[in-house]
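Chains, contacts and geometry: an overview
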Amino acid sequence: MATAAEYGHNSWELSVQVDQREGDEGMKFKLRVKGDLHVGGLMLKLVEKIKAPQDWSDHAIWWEKRSCWLLKTHWTLDKYGVQADADLRYTPQHKPLCIQLPNMKTIRLPVSFSCVVFKAVAEICKALNIRRSEELSLLKLPDDQKKKKKKDKGPESVFDEILNMDMAGGIYSLGLYSKTMTPTYDPDSGSPASSTSLWFGENPVTACQPNLPQEELAKLFKPLTMEDKAAINAGWLDSSRSLMEQGIQENDRLLLRFKYHCFFDLNPKYDAVRITQLYEQARWAILLEEIDCTEEEMLMFASLQYHICKLTLSTEPLTNSNEPEIDEVEAALSNLESTLEGRNADKILEDITDIPKLEDTLKLFRPKRLTLKPYKEYWFVFRDTTISYYKNKESANKEPIEQLHLRGCEVIPDVNVTEKKFGLKLLMPAADGMNEVYIRCDNETQYAKWKAACILASKGKTMAYSSYRTEVKNIQSFLQMKSLAPPPGQAAPDVESMEMKAECFVSPRYARKYKTKQVKIQSRHTQKGQDMSLTMKYDSNLFTLSHRFRGSKKDELLGISYNRLIRIDMSTGLLVTTWRFSNIKQWNVNWEIKQVTIEFDQSVSIAFSCQSCDCKVVHEYIGGYIFLSTRSKDQNETLDEELFHKLTGGQD
């Protein structure tokens, strides 16, 4: 028998609140424990004392004061630092969470509040049949935006409805989850579902929100400054911590969004949900002007929306009669055989003895050179992967004024078909970031040839590759699609007879600026067969995060893209400097002063502190994009989660 003094010295009374069912306030139980009792033993004691016949397997212990889960059941209370003053909570790990999808539909489903957000997002994507969950994450809106939405929300808001869903296969269940190339099965017939039925079946996750009238859209539209956009991007949750650890509570509303604009292995046959949600995210971001885009891009995307809506609302029966029955194993073997025999047209070796070249008069402009006449004519010669330009054609046999080596550069179109503007923006790697060069062509044919050559050169290929001609044709088709003039052989459409309300396809600001007739004509002439291939372009925009660079006395913006960092002047919105991820040697974070330091090749380094967000957001973006660049189709179902956390994790 132990004395009373020994009993009091070796044990103490511990208070634990038990949440038995959803919505219950919970009951408090007091247990006498010792410091050497492991967490698993504490849970066993609790269940024995509760004496309630229910499944406790999903319950775990949450420590509110330390904001952590006690998931290591073999650890003792002493090892965790639990003492008599600790208020513990025995609660389910899976709790309901309201998630707004990119298509603005809101679902409620049980999500793990104890695992890290990276795994929680993977669970959500698995339930929604979205592959490549590493591209998405959860976003929490700023508190001021939540208050604005509650204040502005009318009694019959179009986004009020919440659809309940079960992880095990609720209203969105399409059958077996396709993580790689496993067919998705039709829940009714049990046979593999066709891509047509997945795209146009009655599935709320592959359904687009109907176009809102301009009056409704105007209520949602809130003009955002660059600082406002920076504040929104500060709300991304930490992928290395759990929901509970970040203050997320049961039934809170979070936004599921594509965080990293680096889309891998997109396949319409298997990615109906993924592509639809990606299109919807781009659509609403453009309609509400949450991302920056030019007027040309706004009108182009409006035409895409028109044909997608037209196809969605079509009364014609949608069948898979035109889909050929292809044995995937036979197709793979046939492809392998063609590759081994050297008959693969895309990989034909170039003839090094006869490499084509382009020669023509073009205009060139360098933004950093202040001249009265920004564009100046030169004689350009394109050979191999290099552009050389000369004063005129007669001096082409002499030394060039400059050579532009395009391997590894970025080719950005600078086109406005209606104004007959055909330009290219070349971003070439340099020691201090990236050099910009603008090239202006005279006509569509010239533009198509030079752009195709630049695109191949950026990949280290020459015009001898068979894909050059195909690239030229694709560019010409794209320009024809953007043209307001009708295609050859077709009469101009009767604008007045069109049934669509074109102003619903652009943001309220552009709808007030443009006449409906202009939008209608462009929408009508978009070729339906090329719609979805262009959709992804408009969702690859920069994130703006407010920062203060070392040596700078004012706040500036840092844009983060899939392959580079961009320093932006906050007052003018103009690009200051660009640094590519491929030139990063290492980056470090000083967690005490919240400063990020990045070292590049050729002894270039930058440092900045974060003003509008935690530096962990920037750190995770850089590491996340580098992680996504390591993905390969050979990996199939394996995803190196350990590498992701190594590249994106914090000081822990």
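Computed from a predicted model, the values in this text were never measured in an experiment. (Residues numbered from 1 in each chain as written. Predicted model: local features only at pLDDT ≥ 70, side-chain atom pairs only at ≥ 80, totals over all residues. Heavy atoms only, no water.)

One can find Asn435 in strand β17 (residues 433–441). Placed 143 residues apart in sequence, Asn435 and Thr578 show a C-alpha to C-alpha distance of 8.2 Å. Ignoring anything within four residues of it in the chain, the contact list for Asn435 reads Leu426, Leu427, Met428 and Ala430. (Helix = DSSP H or I, 4+ residues; strand = E, 2+ residues; numbered from the N terminus. Contact = heavy atoms within 4.5 Å.)

Moving on: the confidence of the model for the chain. Confidence along the chain averages 77 in pLDDT terms, with 72% of residues attaining 70 or more. Within the model, the stretch residues 317–326 combines pLDDT values under 50 with nine contacts to residues more than four positions away or in other chains. Between residues 343–352, whose pLDDT stays under 50, and residues either more than four places distant or in other chains, the model counts 11 contacts. (pLDDT = per-residue confidence, 0-100.)

With that settled, consider the sheet that holds strand β3 (residues 59–63). Overall, mixed pairing links the five strands, which are arranged β2-β1-β5-β3-β4 in an open sheet. The sheet is open, and its two edges are formed by β2 (27–34) and β4 (68–70), each paired on a single side. Pairwise comparison of adjacent strand axes, ignoring direction, gives a mean angle of 35° for this sheet. Where helix α2 (residues 39–50) meets the sheet, its contacts fall on β1 (11–18), β2, β3, β4 and β5 (87–92), and the angle it forms with β2 comes to roughly 130°. (Pairing = 2+ DSSP bridges. Axes fitted to C-alpha atoms, helices over the stretch in contact; angles between N-to-C directions.)

Right, let's talk about the pattern of salt bridges for a bit. What the rule picks out here adds up to 20 salt bridges. Asp19 serves as the salt-bridge partner of Arg89, at 2.5 Å between the closest nitrogen and oxygen. Here Arg89 is found in strand β5, whereas its partner Asp19 is found in the loop between β1 and β2, with 70 residues between them in sequence. According to the relative accessible area criterion, Asp19 is buried, its value standing at 6%. With a shortest N-O distance of 3.7 Å, Lys425 and Glu436 are connected by a salt bridge. One end of the pair, Lys425, is in strand β16 (residues 421–430); the other, Glu436, is in strand β17, with 11 residues separating them in the sequence. In this pair, the class of Lys425 matches that of Glu436, namely buried. Salt bridges linked by common partners bring Arg131, Arg132, Glu134, Glu135, Asp265, Asp271, Arg274 and Arg631 together as one network. (Salt bridge = Lys/Arg side-chain N within 4 Å of Asp/Glu carboxyl O. Buried < 20%, exposed > 50% of the residue type's maximum accessible area, 1.4 Å probe, protein only.)

This part is about the pairing of strand β8 (residues 136–139). Of the two faces of β8, the one carrying Leu136 and Leu138 and the one carrying Ser137 and Leu139 are both buried. Direction of pairing for β8 relative to strand β10 (residues 253–258): antiparallel, over a ladder of four bridges. For Leu138, the partnering residue across the bridge sits in β10 and is Leu256.

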